[in-house]
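Observations on the three-dimensional arrangement
Given next are the chains, with one letter for each unit.
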Amino acid sequence: MRNVERLTSLKSELLNIFMDMEVNEHKQRARNAVQRSLRARRGIEFYQETKRLSEHLIEFPINDFLDENTH
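Summarised in this report is the structure supplied together with it. Numbers given to residues run from 1 along each chain, matching the order in which its sequence is written. Totals for whole chains, interfaces and linings use all residues, but because this is a predicted model, local features are given only for residues with pLDDT of at least 70 and pairs of side-chain atoms are given and counted only at 80 or more. Neither water nor hydrogens contribute to the side-chain values; these are computed over all heavy atoms in the structure.

1. Topic: the overall build of the protein
The condition is simple: Counting from the N terminus, the helices are the DSSP runs of H or I reaching at least four residues and the strands are the DSSP runs of E reaching at least two. Burial classes follow relative accessibility: with a 1.4 Å probe on protein chains only, a residue under 20% of its type's maximum area counts as buried, one over 50% as exposed, and anything between as partly exposed. In short, Shrake-Rupley with a 1.4 Å probe defines the accessible areas, and a residue's cover is counted only from the protein chains shown.
Summing up its helical and strand segments, the protein has two helices and zero strands in all. Split into buried and exposed, the 71 residues of the protein put 0% on the buried side. Entry remark: accessible area of the protein is about 7,100 Å², with carbon and sulfur atoms responsible for 59%.

Here is the structure:
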């Protein structure tokens, strides 16, 4: 009878360890997904800002600016 109790206790402990590992793996996958999402969002924002700045530079008359500063 004691062996059955030990075996049941061991099974229960192994199941708890396995469940903890699963929870930790799930948390790590969730953190990784958040990090990927954040990197993607930052990349998109960087691209949009670069595009916006490029458009403004095209509109900016650089020759007029140079002429004003050389006088």
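Additional details are given in the paragraphs that follow.
2. Topic: the pattern of salt bridges
For clarity, the threshold we go by: The salt bridge criterion pairs a side-chain nitrogen of Lys or Arg with a carboxyl oxygen of Asp or Glu, the two atoms within 4 Å.
The final tally for this structure, using the stated rule, is two salt bridges. Among the salt bridges present, the one from Glu 25 reaches Arg 29, with a minimum N-O distance of 4.0 Å. Placement of both Glu 25 and Arg 29 in helix H1 (residues 2-59) is noted, with a separation of four residues, approximately one turn of the helix. Since its relative accessible area comes to 37%, Glu 25 is described here as partly exposed.

3. A word on a nonpolar patch on the surface
Keep this limit in mind: Patch criteria: residues need more than 30% relative accessible area and no salt bridge. Like-charged residues are merged within 9 Å; nonpolar side chains of Val, Leu, Ile, Met, Phe, Trp and Tyr are merged within 5 Å.
On the surface, Leu 7, Leu 10, Leu 14, Ile 17 and Met 21 cluster together into a nonpolar patch covering about 470 Å² of accessible area. As for its position among the elements, Ile 17 is in helix H1.

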